[in-house]
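Letter by letter, the chains look like this.
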Amino acid sequence: MSPEPSDMAERTKMGQTIRAVRQVQGLTLVRLAELSGLSNPFLSQVERGKAQPSMDSLRRIADALGTTIPMLTASAHSSSAESEICIVRADDPLVSTHEMGYTRPLVRGTRSLNPLEFHITSDIYEQTYWTHSVAEFIHILSGSLMVDLDTEGTHVLATGDSLYVPGGLNHRWRITGKWPARALVVQAGPHDDADLEARSAHGRQD
């Protein structure tokens, strides 16, 4: 069965976004393949809108580019002409669902700050840690989270608590009970090539 035109359009937008971010970082397809653990031909197909990456593949691509799936999705849906201001309404339908719950981008396009709203429902850690080259600020809006910072220990964050996570530090989280948690996460904006190379030398966490 041939893909619907809307699906093809979404694939094309996502592929163009991935290629644009890669080129801004000064990465070749070969280098992105090395960082993501995906094949060069597959990434070429993704960038040209010929292949649909799975959630795992998209997460590998986002991690290799030093960004997140929601930010790639938000950038793919944003217009080419960015305004100085950006308003995202409470009923905006753009969300990214995943095994931990769902994530809602709070801005569109590439900004100096990338705020995200996380709705976490899983009481089990993901198997792998997240590691970003940019710093993150986490503020708990409701509920409670157990945050595992690898070498920096495990910390419980309750409603109203905040946590600063420096770039390059492994981290993951889960809820502490049966009730979901909501967190506001603000990431620093795009990093430079030197920052990316430093993270590349440190290695990916799979």
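Residues numbered from 1 in each chain as written. Predicted model: local features only at pLDDT ≥ 70, side-chain atom pairs only at ≥ 80, totals over all residues. Heavy atoms only, no water.

Chemist: Any details on the environment of A33? Residues and values, ideally.
Modeler: Relative to the helices and strands, A33 is located in helix α2 (residues 29-36). Exposure remark for A33: the relative accessible area of 11% places this residue in the buried category. Put simply, A33 and A64 are 31 residues apart on the chain and 8.7 Å apart in space, counted from C-alpha to C-alpha. Leaving out residues up to four positions away in the same chain, A33 has contacts with L38, S39, N40 and L43. (Helix = DSSP H or I, 4+ residues; strand = E, 2+ residues; numbered from the N terminus. Buried < 20%, exposed > 50% of the residue type's maximum accessible area, 1.4 Å probe, protein only. Contact = heavy atoms within 4.5 Å.)

Chemist: Summarise unusual backbone geometry; cite the residues concerned and give the values.
Modeler: Its identity is not glycine, yet D150 carries a phi of approximately 60°, on the positive side. In this fold, D150 is placed in the loop between β5 (145-148) and β6 (154-157). The exposure class of D150 is partly exposed, given its relative accessible area of 32%.

Chemist: Just give me the short version of the pattern of salt bridges, but keep the residues and values in it.
Modeler: In this structure the tally under the stated criterion is six salt bridges. Here D148 ties to R172 by a salt bridge, and the two come within 3.0 Å at their closest N and O atoms. With a gap of 24 residues between them, D148 in strand β5 and R172 in strand β8 (residues 172-175) connect regions that are remote in the sequence. Residue class for D148 comes out buried when judged on its relative accessible area of 8%. (Salt bridge = Lys/Arg side-chain N within 4 Å of Asp/Glu carboxyl O.)

Chemist: If you had to explain the pairing of β5 to someone new, which residues and values would you point to?
Modeler: Burial along β5 is two-sided: the residues L145 and V147 and M146 and D148 are all buried. Note that β5 and β6 share four bridges and pair antiparallel. The residue bridging L145 from the neighbouring strand is L157, located in β6. Here four bridges tie β5 to β8, and the two strands are oriented antiparallel to one another. Looking at β8, one finds that D148 is bridged to R172. (Pairing = 2+ DSSP bridges.)

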